Every structure is written in C-alpha cells, then in structure tokens.
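Structure at a glance
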Amino acid sequence: MKFMKLGSRPDTFYSSEAVRSVSSEVSSDLIIQVKGTRYLLHKFPLLSKCLCLQRLCSESPESSQHQIVQLPDFPGGVEAFELCAKFCYGITITLSAYNIVSARCAAEYLQMIEDVEKGNLIYKLEVFFNSCILHGWKDSIITLQSTKAYPLWSEDLEITSRCIEAIASKVLSHPSKVSLSHSYSRRVRDDVSCNGTESQRHKPTSKGWWAEDIAELSIDLYWRTMIAVKSGGKIPSNLIGESLKIYAARWLPNISREGNGNKQAASDSDSDSTNDTLSKHRLILESIVSLLPADKGTASCSFLLKLLKAANILNASSSSKVELARRVGLQLEEATVNDLLIPSFSDTNGTFYEVDLVMTILEQFMSQGQSPPTSPPRSKLGFQRRRSRSAENIDLDFQESRRSSSASHSSKLKVAKLVDGYLQEIAPDVNLPLSKFTALAESIPGFSRLDHDDLYRAIDIYLKAHPSLNKSERKRLCRPLDCKRLSVEACMHAAQNELLPLRVVVQVLFFEQARASMAGGKVTELPSNFKALLASHDIDPLRPTAPLSTTSSLRTDDQWSVSGLKSSKSKLSTLRMKMAEEDDLDENDFQSDGLGSRSSKFKDFRALPTRPKRMFSKLLSINRNPSQKN
C-alpha cells in the first residue's frame, strides 16, 4: 500500500476539557466548532491556506479575544478537519488509501486551492491520488470503498468514477501489470521462504484473479465496476458469470425454508430492520440478474436456479424472475431434481414447491425449437445450389445437421428424465392439484421418454397421496402413461396396483402378454375362468383383431421392488374386483348408452393377438380351482 507524508513538525495538538488546542507561544485567536468539538487555533496559518475560513471570518463579527466560526456538515468530521489543520501548521500528516477521500473532501470544503497558496493541500492530494493510488490494485479498491461514506462529494470530485476506471483497466490488463496484488496472491506472498525472501511474489495467477477482490464492494459500486469491465469487451462471458457467482455467495444469504421462518420471527420483533435487510438483498439479486451476460452457458444452471429460489423468497420483481426462468430454460438439461425444488412461500397456492415456476422453465425449454429435423433444411435457392455440389458435400451437410439435431434431442431426453424425477418429489404434496401434475407430465414430448417407469412411479406416489380421486380423475392422471414402455418389473407392479384405473391394469396385462408372445413364439389358450370373465362382458377372445404395435423400445434392466404387494395368485381376483368397481361407477352410463358403451371399455382386450402368451396362461392356471383344472 502506498502512503505519503507531508510536513515536518511534530504533533503538538492536545486536548483539555473537551477542547482541542495546539501548543504555541502565541495565544489562540480563532475558535472553530466542528460537529460538537471546539478547536482553539490561530488565524494566520489557517486563513493563509483556507479560502473558506477567510470568507467566514470576514463575515462573522470579531469578539474581544476570539472569533468563532461554525463549520456545519463538515465532510470527514473532526478527523478530516484536524488533518487539514495540521497541514496548515506544518505538522507531519500521513495520507493513504484509507483517508485520502475524507482529506480530499475536507480540503475541498475549506477551499485549499492553488489560488490561495501554491502547493496547497488539494494539489498535493491530487498528485498522490493520480500517481500512486490509481496505479495500485488494492489502493484503488480501498479508496473506492471509502467513497461510500461521502457519495455526493466523491461524485462531484470524480473520485468514484476515476477509481472505477482504474479498476476496470487493471482487470482488462494482464495481472503482471498490476503494481499491487489482489487478495489471493497476497495470501500466497505471505508464505515467506525459509531464507526470508518472498519467493511467490511473481507467481502467475488465474484469469479470474480479480473477482474475489471486487466482491468486497457494495452493490452500487460493484454494479458500476462490472459494467465498466463488460464494456471493455476483453473478459470472456464465463468469467463474468463466475464473478457474479462469487459476489452472490459473498452477499446473498443461504436462504432456506427454515431461514424464512426465522425471518418471519425476526420481522415480528424488528420489522424495520428486517425490511431493510430484505430490500438490500432484493437489490443485490436484481442487480446480479441485470449483469448476467447474454450468452448461453455463462452461468451454471445450478447457480441460476439458486438465484431463482432467492428471488422467489425475497419477492423480487417479476421481470427478474422471468429473466432467470428464461435463462434456466435455455440450459435445463444441466439441472438436477434438487435444483428444481423451489420452496413456495405463497399463502394462496398452498403447495410445498413452486410448480408454476418450473412449468414456466419447461415452456421456455420446449419453445427453443429443438425438434430433430429428418433432413437438412432446403430453400428453393439452396436446392439449386446443392444440385451443383458434389454428392460428398451434400452428405457432409446432412451429417452435420443430424449431429446438431442429435445434441438437442439428447437434451430433451435428459429433461424428460429430470421432469419425471421432479414429479416423484412433488407427488406426495397433498395440496398439489391434479391439473398441475398432469400439465407437467404432458409437457414432455412422447419421443423424449425412452421408458415410462419413472413416470409410473410418480403416478403411483400421487395416487397414494391422493386416495380421494374419483374414477375420471384417476383416468386423467394416467393419460400420459404409455404401458408399452414399461419394464417387466414396472408391469408386475402395475398389474397388482389396486389404485390404478381398470383400463390401465388391463392394458398392462395384455401388453406384457403380447411382449412374451413375441419373445416366446407359441402360446396357449386362455384359461376357462378368464374366458368366462371376458364372456360376461360380451367380448369374444377368438375374434380376429389388429396386431398390437410393438415398435416401442422397452427396457428390461430397470430394478423395481414389488415387495409388500400381493402375490401373483391374487392377480385374477384383483382384476375381478376392479371390474366390479367399474361396473358400479358406470351403471348410469350403461343404462343410457347400452351394451356397446360398456364393451368399449374393453377395447384394449381386443387389441391383443388371438392366442395369448404362454407365461400369462401359466400364471392364470395357478389360480384355477381343482374343478377348473379337470
């Protein structure tokens, strides 16, 4: 740190009964009042350098012994005034980055200019400020921080703007050109080698060496500094994002649901202080959002979602929330389920998590137009131009298009997995409306889910947490579920799940039977008890039907626990019970629509091959009684 000493006389100021005086053979003739402190001084040394005191003494009446001068609103207080007074007496003073702002403001107040005396204090301070303070990294930051106590004076004297320009220029230059190091290298230099030399002084630093130091600035000064840094155009966007992350970690609290409860308790005891703190944090967050670079990927998705959580808790502006949601949507494939669990503090929706925000993020992600094209885009002009190219160039263009579309397609696969995991986390919320659950589940395109096991898990959890759902609501809940894309373990679980609608259970059973038919070849007839069950609903199992589509890929390596469920022996009884339930719920429909309407409920039965699978026949044969076996 640089410093400057002025004057050569020893300090002779002393205090006596709350009065500050200076030792001198000449009696004092001037009383100066500065913020409750009285100074007994001499006119000659002060008036010879201070134009302000000359004017005030000429305007105020002279008493018999002392002339009294009041200095209201003196910048820097008694410390700054005493420093200027000692300069007038020629007493040694030390100036550094810590007190140069207060001294400069005080000298400006007293008008210690060159017109009064050559080499006056303002001139010396400006020389030291421009030649030493602004050339040092640490000195520039400390001086900029000290301007916070004198905002108006610092702006009028251009101290703030010159410090910001100096800091920005050092950030844009190589760290080796900075005369004083930053905090990181300063900590490294403190490790002195055994012979006493600072061996690490010139150790090269990272590209983001400046971020930690400027994170100590207040938000208004930090914002202006970052604007100056960004306008230079030399700092990569990812370093700007890292700097914002460091600043957010330094100043934004680690807010959680419990922390909000503490905040509410604190608001009851000291609401004014709490509101001020919340306003400060809200300003910090909104300023950070405004500084985010426009480029995608400059800030991690996890960091953006943390900002979104804080914005939700701090009740930030809607524009900040929308901007954060938009940025998260651009790189949603990087997120994790925990990142998306944004606590809700609204008294209106009653849900545990902010599902609407996640829905907004999903809409932004899906609006990017990432659907993989089947062929390279062609216009009329482009088509004629392609015709003149060689076949190799055409193939190269097509392969490039396929590669770019594959990346976007893979991101949708990741997001589909992410959404299904998120649905499992929010499904136990008893206050979660069915409409929001299904909207999230249906927001994912069909091709994005390679399997529906995770979606089925979420539906099963929701059904258990909401046992009061009626038949139509359960059907609506299961509408996004594709039974053809369930694994064997999921099918076994779903076939014994009494909470699922009957239609879903039947679809699961017969899709599994069709899968076994494709794998095993020869199958056996349906058991007599199952034929009777179908016949009771006017369904002919021997009627020719269209073959069942089995083009969907199926995963068989998923692990699914079916512990605690009913054994396969009770599968047929479960099906009968569900049919009875369906009969009771659809009694009115049967009376109005006739038998045809009832039979339509079993259209999934007709969609299977005429000869069912061997595995399912063996499973049902276990449930036959001795008379049926004979």
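So, how was this worked out
- Residues numbered from 1 in each chain as written.
- Predicted model: local features only at pLDDT ≥ 70, side-chain atom pairs only at ≥ 80, totals over all residues.
- Heavy atoms only, no water.
- Buried < 20%, exposed > 50% of the residue type's maximum accessible area, 1.4 Å probe, protein only.
- Helix = DSSP H or I, 4+ residues; strand = E, 2+ residues; numbered from the N terminus.
- Pairing = 2+ DSSP bridges.
- Contact = heavy atoms within 4.5 Å.
- 1 Å grid on protein atoms, 1.4 Å probe; cavity = no way out; pocket = protein on both sides within 12 Å on 5 of 7 lines; lining within 4 Å.
- Points joined across faces, edges and corners; volume = space filled by probe spheres on them.
- Nonpolar A, V, L, I, M, F, W, Y, C, P; charged D, E, K, R; others polar.
- Phe/Tyr/Trp six-rings, centres within 6.5 Å; stacked < 30°, edge-to-face > 60°.
- Lys NZ or Arg CZ within 6 Å of the ring centre and 35° of its normal.
- pLDDT = per-residue confidence, 0-100.
- Salt bridge = Lys/Arg side-chain N within 4 Å of Asp/Glu carboxyl O.
- Polar contact = N/O pair within 3.5 Å; in protein donor to acceptor, adjacent residues only side chain to side chain.

This next bit is on the pairing of strand β1 (residues 3-6). Side chains M4 and L6 project from β1 onto a buried face, and the interleaved F3 and K5 project onto a face without burial. Bridging between β1 and strand β7 (residues 93-96) involves four bridges; their strand directions are antiparallel. Residue pairing across strands places L6 opposite I93, the latter belonging to β7.

Next up on the list: helix α6 (residues 137-146). Burial within α6 is extensive, with eight of its 10 residues counted as buried. Those residues of α6 not exposed but buried are W137, D139, S140, I141, I142, T143, L144 and S146. In this fold, the buried residues of α6 make contact with α4 (100-110), α5 (121-131), α8 (159-172), α10 (211-214) and α11 (219-232).

A separate point is empty space enclosed by the protein. Tallied over the entire structure, the rule returns four cavities of 30 Å³ or more. There is about 70 Å³ of room inside the second largest cavity. Every residue along the wall of the second largest cavity is listed here: L292, P293, A294, D295, K296, G297, T298, A299, L304, R327, L330 and Q331. Each residue belonging to the lining of the second largest cavity can be placed in one class, and the counts come to six nonpolar, three polar and three charged.

What follows covers the packing of aromatic side chains. Tallied over the full model, the rule gives 10 aromatic pairs. Each ring, one from F352 and one from Y353, has its centre 4.8 Å from the other, and the planes form 85 degrees; the classification is edge-to-face. Seen in terms of ring centroids, F437 and Y462 are 4.8 Å apart; in terms of plane orientation they differ by 35 degrees. Their pairing is tilted. Of the two residues, F437 is situated in helix α21 (residues 434-442) and Y462 in helix α22 (residues 453-465); the sequence distance between them amounts to 25 residues. Neither residue differs from the other here; F437 and Y462 are each classed as buried. The rings of Y39, F74, F81, Y109 and W153 are connected pair by pair, giving a single aromatic cluster. In this arrangement the basic side chain of R250 is found over the ring face of W251, its NZ or CZ atom lying 4.2 Å from the centre.

In this section: the confidence of the model for the protein chain. For residues with low pLDDT, the predicted coordinates do not support detailed interpretation. For the protein chain, mean pLDDT is 77; residues scoring 70 or higher make up 67% of the total. For the stretch residues 529-534, pLDDT sits under 50, and the model shows 21 contacts to residues farther than four places along the chain or on other chains. A low-confidence stretch, residues 539-572 stays under pLDDT 50, and its non-local contacts, those more than four residues away or across chains, total 70 contacts.

A few words now on the pairing of strand β5 (residues 37-41). Both strand β3 (residues 19-22) and β5 contribute to a ladder of three bridges, which runs parallel. Across the sheet, R20 pairs through a bridge with Y39, a residue of β5. Sheet topology note: the strand β4 (residues 30-34)/β5 ladder contains five bridges and is antiparallel. The partner of L30 across the bridge, within β5, is L41. Here β4 folds back onto β5 in antiparallel fashion, the turn holding two residues, of which K35 has a positive phi close to 50 degrees.

One pass over the structure, following the stated rule, counts 21 salt bridges. Of the charged contacts, one joins E126 and R104 as a salt bridge, the two residues approaching to 2.8 Å between their closest N and O atoms. On the criterion of sequence distance, the pair formed by E126 in helix α5 and R104 in helix α4 is long-range, its members being 22 residues apart. Residues E126 and R104 agree in their burial class; the two are buried. Here R326 makes a salt bridge to E323, at a shortest N to O gap of 2.9 Å. Pair noted here: R326 and E323 are both in helix α16 (residues 318-330), with a separation of three residues, about one helical turn.

Moving on to the environment of R326. A relative accessible area of 29% places R326 in the partly exposed class. C-alpha of R326 to C-alpha of Q364: the two residues are 38 residues apart in sequence and 5.9 Å apart in space. Here the side chain of R326 touches E323 through a polar contact of 2.9 Å, side chain to side chain.

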